[in-house]
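Summary of the model geometry
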Amino acid sequence: MMKISTLGSHCALQLLKSAKDEGFHTLLLSDRKRKGFYGRFKFIDEIIVVDKFEDIAREEIQDKFKDSILIPHGTLIAQVPLDKVERDLKIPIFGNKYLLRWEADRTLKEKLLLEAKLKVPKRFSSPDEIDSLVIVKLPGAEGGRGYFLAYNKESFERNLKNLIKRGIIKKEEEDKLYIQEYVLGTPVFLHYFYSPLKDELELISIDRRYETIVDSIGRIPATYQKNLDYPSYLVIGNFPLVLRESLLPEVYSMGEEFVKASKRLVGKGAIGPFCLEGVYNEKGEFICFEFSGRIVAGTNLFIDGSPYTWLNYDEPMSMGKRIAREIRRAIELKELDKILT
Ligand code: AMP
């Protein structure tokens, strides 16, 4: 029996429940403190405990996963160095693991989004250039840690100094900051699945995030809001969303352009889940500030299906289930090479 594995965090419950429902043996890599939590769920057949997720690259741990297919998610990118993922991991990965570097590196990320003809926020190469509201970001996928706003060089320097003093940004991270135009509008996260077996793109679901402190600003009077120069954007949860139907044709074409661009720039291109993350501005244009080249945690909302999967399937279909189905189909067709790296 084929095994499906993942890291114990992010969307592990969705992935392994779906894998079990689809008839796979399920395997979880957990750190010590979460072993008890994951042990509550009967659909997890085996839990391998490590001190830190990075240990997945150690040979004796890899041996335990060798006949499984590993589903990558945000925790793999955030906690396992990418060169280890690319070079040392021999466990077959569902999806294109080389796309993860393009997600983590903001310069590569912008290159791919532009190649896909998506509109992106203006980038400022130095604090001297800031002439409008900007959002300043750290590298990597850590759910908005250390983001701050600035509207000129002085406010940039003041906020950065404060965040370093508070230990939220490390001094050595200062050179890696990415300064991006702050786009005013409604943030939307589009969850896609591209099947290389069918050469077909599906819109699986859409969410918006619930972020502290930024989403709590409206709960205090304006006089107190004035003191919040650096609200955090730490993700706490997600809300489901449906878009105006008239926006959907463009949502599909953006996803298709992304798949084509990824095939031109990153080997096998996008495989399985990916997410385009952006803001609809006042003209109703989608300005894309991020992509994720793997499953995002917003899909956890739709473990029982979404309004969009319901249009294409006569059964509840989650992203996790869609992944498990693709793997099963690839095994039947003997085409695993199309979906693994
Ligand atoms: P991220 O971790 O990059 O997905 O962004 C975290 C949050 O920051 C998002 O949910 C948005 O609310 C906000 N955000 C990021 N980039 C921008 C931008 N360029 N303009 C406006 N809001 C942004």
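Note: the structure precedes this text.
Residues numbered from 1 in each chain as written. Predicted model: local features only at pLDDT ≥ 70, side-chain atom pairs only at ≥ 80, totals over all residues. Heavy atoms only, no water.

**Brief notes about the pattern of salt bridges**
Applying the stated criterion across every chain yields a total of 35 salt bridges. Of the charged contacts in the structure, one is a salt bridge between Arg264 and Glu115, with a shortest N-O distance of 2.6 Å. Pair noted here: Arg264 is in helix α10 (residues 248-265) and Glu115 is in helix α7 (residues 106-115), with a separation of 149 residues, a long-range link. The exposure class assigned to Glu115 is partly exposed, which follows from its relative accessible area of 29%. Of the charged contacts in the structure, one is a salt bridge between Arg322 and Glu326, with a shortest N-O distance of 3.1 Å. Here Glu326 and Arg322 lie together in helix α12 (residues 319-333), a separation of 4 residues that amounts to about one turn. A relative accessible area of 4% means that Arg322 is categorised as buried. (Salt bridge = Lys/Arg side-chain N within 4 Å of Asp/Glu carboxyl O. Helix = DSSP H or I, 4+ residues; strand = E, 2+ residues; numbered from the N terminus. Buried < 20%, exposed > 50% of the residue type's maximum accessible area, 1.4 Å probe, protein only.)

**Some thoughts on the state of the cysteines**
Taken as a whole and judged by the stated rule, the model has 0 disulfides. Residue Cys11 stays outside any disulfide, its sulfur separated by 12 Å from that of Cys275, the closest cysteine. The exposure class assigned to Cys11 is buried, which follows from its relative accessible area of 1%. Its sulfur unpaired, Cys288 is 8.5 Å from the next cysteine sulfur, which belongs to Cys275. (Disulfide = S-S within 2.5 Å.)

**Re the sheet that holds strand β4 (residues 68-70)**
Strand order in the open sheet formed by 4 strands is β3-β2-β1-β4, with parallel pairing between adjacent strands. Lying at the two open borders of the sheet, with one neighbouring strand each, are β3 (46-50) and β4. Ignoring strand direction, the axes of neighbouring strands in this sheet form an average angle of 25°. Two strands pair when backbone bridges link them, and strand β1 (residues 3-7) and strand β2 (residues 25-31) are joined in this way by 5 bridges, in the parallel orientation. Residue Leu7 lies in a different strand from β2, and its bridge partner there is Leu29. (Pairing = 2+ DSSP bridges. Axes fitted to C-alpha atoms, helices over the stretch in contact; angles between N-to-C directions.)

**Quick look at the environment of Tyr182**
Along the polypeptide, Tyr182 turns up in the loop between β8 (178-181) and β9 (186-195). Of the residues examined, Tyr182 reaches a relative accessible area of 27% and is grouped as partly exposed. Distance from Tyr182 to Ser132, taken between C-alpha atoms, is 8.1 Å for residues 50 residues apart in sequence.

**Here's the deal with the site of the ligand**
Around the ligand there are 17 residues in total, and Lys137, Tyr147, Val183, Glu211 and Glu290 lie nearest to it. Taking Arg209, its side chain carries an N or O atom lying 3.2 Å from an oxygen atom of the ligand. Burial of the ligand by the surrounding chains reaches 96%, relative to a free accessible area of 480 Å². Every element with two or more residues in the shell around the ligand is listed here: β6 (134-137), β8, β9, β10 (200-213) and β13 (286-292). Counting contributing residues per domain, the shell around the ligand is built from domain 2 (103-119 + 185-217 + 236-338) and domain 3 (123-181), each supplying no fewer than three. (Near = heavy atom within 4 Å. Polar contact = N/O pair within 3.5 Å; in protein donor to acceptor, adjacent residues only side chain to side chain. Areas by Shrake-Rupley, 256 points an atom, 1.4 Å probe, with all protein chains shown as cover. Domains from an automatic or database assignment.)

Just distances and angles here, no functional claims.
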